[in-house]
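# Chains, contacts and geometry: an overview
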Amino acid sequence: MTTHTIDTATVKRLVEARALRGAAIIGQPGGWSIMLKYGTEERPLGIQRADKPRLWRSLDTCVGYLRDELRIVKVDLLDATQHDAESVLPGKSRPDAAERMRNAFAAAEHDRWFREQVEMGLKEADDPATQWIAHEAVERDRAQWRADLVRQTENGDS
């Protein structure tokens with residue numbers, strides 16, 4: 001089976017061996033791809049587990065991947081002639097992202113509020129001026145309250 005792309009692990013080995021002859025960033029509809037030259041070959045960087053070129057939506061992210069992940073700091077060519085920023089990559093639409101972010105923010109806000117409430121409760125409990133109510137008094141008041149509710153229900157009072 002002939003592959004048309006080169007994987008990241010192979011590129012890293014080629015960089016370590018100084019066998020890479022060059023790298024180019026090529027604009028595509030919906031993103032940017034990386035073309036690598038080694039020996040007499042020229043192949044695009046592929047995605048994992050498939051023989052398809054990898055695409056980045058952002059040129060900055062693509063350059064960052066070259067620099068930080070692959071340790072390639074020199075690019076021979078930047079070709080934007082085929083780049084179309086308006087094109088949408090198939091399967092990349094995330095309409096749920098805004099809702100997910102709202103939920104994450106709400107959860108973080110609730111967590112902050114809850115921790116404040118616990119902190120306030122602990123401070124109040126540690127305060128020597130806090131007046132405590134005996135358990136027996138609370139049980140007696142609660143029993144009286146329940147009896148009143150039962151009586152109201154039996155009498156049809158609301």
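Residues numbered from 1 in each chain as written. Predicted model: local features only at pLDDT ≥ 70, side-chain atom pairs only at ≥ 80, totals over all residues. Heavy atoms only, no water.

## Side note on the packing of aromatic side chains
Evaluation of the coordinates by the stated rule reveals one aromatic pair. Note on Trp 56 and Tyr 65: the rings are 5.1 Å apart at their centroids and 45° apart in plane angle, and the pair reads as tilted. Accessibility assignment for this pair places Trp 56 and Tyr 65 in one class, buried. Sitting over the face of the ring of Tyr 65, Arg 54 holds its NZ or CZ atom 4.4 Å from the ring centroid. (Phe/Tyr/Trp six-rings, centres within 6.5 Å; stacked < 30°, edge-to-face > 60°. Buried < 20%, exposed > 50% of the residue type's maximum accessible area, 1.4 Å probe, protein only. Lys NZ or Arg CZ within 6 Å of the ring centre and 35° of its normal.)

## Description of the pairing of strand S1 (residues 20-28)
As a general feature of sheets, a regular strand has side chains that alternate between the two faces. Two strands pair when backbone bridges link them, and S1 and strand S2 (residues 31-38) are joined in this way by eight bridges, in the antiparallel orientation. Paired with Gln 28 across the two strands is Gly 31, which belongs to S2. Connecting S1 to the antiparallel partner S2 that follows it, the hairpin turn spans two residues, and Gly 30 within it adopts a positive phi of roughly 95°. Pairing of S1 with strand S4 (residues 77-79), which is carried by three bridges, proceeds in the parallel orientation. Within S4, the position partnered with Ala 24 by the bridge is Leu 77. (Pairing = 2+ DSSP bridges. Helix = DSSP H or I, 4+ residues; strand = E, 2+ residues; numbered from the N terminus.)

## Here's the deal with the nonpolar core
Counting 16 residues, the largest nonpolar core has Val 11, Ile 34, Leu 36, Leu 45, Leu 70 and Ile 72 as the members making the most contacts within it. If you list the elements that add at least two residues to this core, you get helix H1 (8-16), S1, S2 and helix H2 (59-69). At four residues, the largest contribution of residues to this core is made by S2. Discounting residues that sit within four places of it in the chain, Leu 70 has contacts with Thr 8, Val 11, Lys 12, Val 15, Leu 45 and Tyr 65. (Core = buried A, V, L, I, M, F, W, Y, C linked by side-chain atoms within 4.5 Å. Contact = heavy atoms within 4.5 Å.)

## Description of the pairing of strand S3 (residues 41-44)
Across four bridges, S2 lies against S3 in antiparallel orientation. If you follow Lys 37 over to S3, its bridge partner there is Glu 42.

## What about unusual backbone geometry?
For residues other than glycine, phi is negative in most cases, and the peptide bonds are mostly trans. Of note in the backbone geometry, Arg 18 takes a positive phi value of approximately 55° without being a glycine. Mapped onto the elements, Arg 18 comes out in the loop between H1 and S1. Overall, Arg 18 belongs to the exposed group, its relative accessible area being 77%. Notably, Arg 71 is not glycine yet its phi reads approximately 65°, a positive angle.

## Points about the sheet that holds S2
Sheet architecture is open: four strands sit in the order S3-S2-S1-S4, paired in mixed fashion. Sheet topology places S3 and S4 at the edges, where each strand pairs with a single neighbour. Pairs of neighbouring strands in the sheet enclose a mean axial angle of 20°, with direction left out of account. The strands that H2 touches are S1, S2 and S4; relative to S2, the one it contacts most, it runs at about 30°. (Axes fitted to C-alpha atoms, helices over the stretch in contact; angles between N-to-C directions.)

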